[in-house]
Protein chains: 2
Amino acid sequence: MGRQTAYVREDAVRSARDVFWREGYEGASMASLQRATGLNASSLYHAFGSKRGLFDAAVEDYLERVVRPGLGSLQDPAVAADALEGYFRAARELFADPSGRTLPDGCLLVNTACSGLARDDGIAEAVRAYRAELGAAFLRGAAARFPTGAADEHERLAETCVALLVSALVMTRVDRGAALASLDAALSHLTTEDTP
Amino acid sequence: MGRQTAYVREDAVRSARDVFWREGYEGASMASLQRATGLNASSLYHAFGSKRGLFDAAVEDYLERVVRPGLGSLQDPAVAADALEGYFRAARELFADPSGRTLPDGCLLVNTACSGLARDDGIAEAVRAYRAELGAAFLRGAAARFPTGAADEHERLAETCVALLVSALVMTRVDRGAALASLDAALSHLTTEDTP
DNA sequence: AGGTCTTTGGAATGATCATTCCACTATAGT
DNA sequence: ACTATAGTGGAATGATCATTCCAAAGACCT
């Protein structure tokens, strides 16, 4: 019953997600979102209710199609000893590649946390969940890397790796060298045999 | 010659700085800046030329009155062994205090790095310089803390501490617990005797 | 083929934005 | 006191913002 949509919702969300990623929530105008998705205001509002609704869909897409695929093997219950190192090696290559598509824009969620939207409870919760997911995955990786280490050492290493990643994601926006230095520090923590 | 200003420039800059800190460059409207400073548009534009000019003055004030005083003893040529630990202890107290005035807003420069303004060359350079200053101070602190350690270990520790601070400054906007965990990890790196 | 329901196009809306302009006020030097 | 100079008040400007509305378009069902 009724007319059918002339576009694929998933494609529209992804296009919008890249605009939000590149320009931030407040910086992304409805005009630029219409341009990127190829939809006009009516369709966008009909499908997502508001700019904020579109943003929420973009965040979900970001988690599902960017964050989780990147985490990859760290999500499995059985984690390889070099899984966390592999994560940072892959990250380093992405950050170093000048043709890297959206990476000079850092992380959609980190950027949002630093924006005015951070004061929105739903957004704050999304960032908390994002960080918790990252922390849990890194903790598994840390425990697999240093099987003889103590739990609090694993916690500290995971915390440190999360911070070095967040720092890289912030700095890549203004200084690629600094971002790479941050990732290298993480790799150094993971390749040095310093279990006492 | 001519009329004299009815306000103190330094006070106006500080008030504006706090608005930018709290709401970000794009989120801070000229109306709210006028309200905070007590000056009207004419005076603001006469004194600073533009919103951007006012923001530049705010960044300078932030570095001079917030960042550098906090760095304190780490700026001296001779650094105490516990200076870096002291820095993070002081930071921890500030972050934990619920009455902390502007700290739930993180860092003016980190927030700016995550905003659309990061693509401005002048702003990017300011963030780079900020991070370099932080890194240099922390490097002195790391070397003083582990006098027998190798230079690259000092580098790694400084890099790690910068990242843990940046991460705390981001996370404090959405999750104070996570921010404190980040600072605690830094303290753990500094209080554990793990020089091989 | 007709009716019903959903999607779409495009213009319109009202709010808010940074910025400018001009008249008015006040000070310092002569 | 007069004048040159500089700061201030307040309204006006034009651009851009998210959002809404209505009429036209298209697809399924009977």
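Our structure is the block above this text.
Cut-off values and rules
Residues numbered from 1 in each chain as written. Chains lettered and ligands numbered in written order. Predicted model: local features only at pLDDT ≥ 70, side-chain atom pairs only at ≥ 80, totals over all residues. Heavy atoms only, no water. Helix = DSSP H or I, 4+ residues; strand = E, 2+ residues; numbered from the N terminus. Buried < 20%, exposed > 50% of the residue type's maximum accessible area, 1.4 Å probe, protein only. Contact = heavy atoms within 4.5 Å. Near = heavy atom within 4 Å. Polar contact = N/O pair within 3.5 Å; in protein donor to acceptor, adjacent residues only side chain to side chain. Least-squares fit on C-alpha atoms with pLDDT ≥ 70 in both. Buried area = accessible area lost by both parts, 1.4 Å probe. Salt bridge = Lys/Arg side-chain N within 4 Å of Asp/Glu carboxyl O. Core = buried A, V, L, I, M, F, W, Y, C linked by side-chain atoms within 4.5 Å. Axes fitted to C-alpha atoms, helices over the stretch in contact; angles between N-to-C directions. Parallel < 35°, antiparallel > 145°, perpendicular 65-115°, else oblique. Nonpolar A, V, L, I, M, F, W, Y, C, P; charged D, E, K, R; others polar.

## Side note on the overall build of chain A
In terms of helices and strands, chain A carries 9 helices and 0 strands. Secondary structure elements of chain A, listed N to C terminal, follow the sequence α-α-α-α-α-α-α-α-α. The dimensions of chain A, computed from C-alpha atoms along their principal axes, are 65 × 40 × 30 Å. Looking at chain A as a whole, 49% of its 196 residues are labelled buried. By sequence separation, contacts in chain A at least 24 residues apart represent 68% of the contacts at least 6 residues apart.

## A closer look at the protein's contact with DNA strand C
Contacts to DNA strand C come from 21 residues, most closely from Arg3, Ser42 and His46 of chain A together with Met30 and Tyr45 of chain B. Within 4 Å of the protein, atoms of DNA strand C come from sugar and phosphate in 66% of cases. Within the side chain of serine 43 of chain A, a nitrogen or oxygen atom sits 3.1 Å from a phosphate oxygen of DNA strand C. Take tyrosine 45 of chain B: an N or O atom from its side chain is 2.5 Å from a phosphate oxygen of DNA strand C.

## A look at the relation of the copies chain B and chain A
Superposition record for chain B on chain A: RMSD 0.1 Å, screw rotation 180°, translation along axis 0.0 Å. Such a combination of rotation and displacement between the chain copies is what one expects of a two-fold axis. The position closest to the rotation axis in chain B is occupied by the C-alpha of alanine 163 of chain B, lying 2.7 Å away.

## Quick notes on the protein's contact with DNA strand D
Near DNA strand D, the surroundings consist of 23 residues, among which Met30 and Tyr45 of chain A together with Gly2, Ser42 and His46 of chain B are the closest. The protein-proximal atoms of DNA strand D, defined as those within 4 Å of the protein, are 64% sugar or phosphate. Take glutamine 4 of chain A: an N or O atom from its side chain is 3.4 Å from a phosphate oxygen of DNA strand D. Here alanine 6 of chain B contributes a backbone N or O atom positioned 2.8 Å from a phosphate oxygen of DNA strand D.

## Quick word on the interface of chain B and chain A
How large an interface is tends to be reported as the accessible area lost when its parts come together. In this complex, chain B contributes 34 residues to the contact, which on the side of chain A involves 34 residues. Both sides together, the interface formed by chain B and chain A hides about 3,000 Å², and carbon and sulfur atoms give 58% of it. When residues of chain B are sorted by the area they lose upon contact with chain A, Cys114, Arg156 and Val174 of chain B head the list and together hold 21% of the total. Between chain B and chain A we count 2 salt bridges in total. Note that aspartate 105 of chain A is salt-bridged to arginine 119 of chain B, the shortest N-O span being 2.8 Å. Linking chain B with chain A are 16 residue pairs in polar contact (both at pLDDT 80 or more), by the criterion used here. Elements with a contribution of two residues or more to the side of chain B that touches chain A: α6 (108-113), α7 (121-145), α8 (151-171) and α9 (176-191) of chain B. Among the elements that make up the side of chain B that touches chain A, the one with the highest residue count is α8 of chain B (9 residues).

## A closer look at the pattern of salt bridges
Taken as a whole and assessed by the stated rule, the structure comprises 30 salt bridges over all chains. As a salt-bridge pair, glutamate 10 of chain B and arginine 65 of chain B come within 2.7 Å of each other at their nearest N and O atoms. With glutamate 10 of chain B in helix α1 (residues 9-23) and arginine 65 of chain B in helix α4 (residues 51-71), this pair connects stretches of sequence that are 55 residues apart. Salt bridges sharing partners connect three or more residues here, namely Glu10, Arg17, Asp18, Asp61 and Arg65 of chain A.

## Section: the nonpolar core
If you look at the biggest cluster of nonpolar residues, it comprises 140 residues, and the most contacted ones within it are Phe20, Phe88 and Phe138 of chain A together with Phe20, Phe88 and Phe138 of chain B. For phenylalanine 88 of chain A, the contacting residues outside a window of four places in its chain are Phe138, Cys161, Leu165, Leu183, Ala186, Leu187 and Leu190 of chain A.

## Digging into the side chain of aspartate 61 of chain B
Residues and elements named next belong to chain B. By secondary structure assignment, the location of aspartate 61 is in helix α4. Among the polar contacts made by the side chain of aspartate 61, one reaches the side chain of arginine 17 at a distance of 2.8 Å. Setting aside residues up to four positions removed in sequence, aspartate 61 forms contacts with Val13, Arg14, Arg17 and Val66.

## Description of the packing of helix α2 (residues 30-37) of chain A against helix α3 (residues 41-48) of chain A
Residues and elements named next belong to chain A. Across the interface, α2 lies against α3 with an axial gap of 10 Å and an inter-helix angle of 90°. The orientation of α2 with respect to α3, classified from their angle, is roughly perpendicular. Residues Met30, Leu33, Gln34 and Thr37 of α2 pack against Ala41, Leu44 and Tyr45 of α3. The residue inventory of the contact of α2 with α3, partitioned by class, reads 5 nonpolar, 2 polar and no charged.

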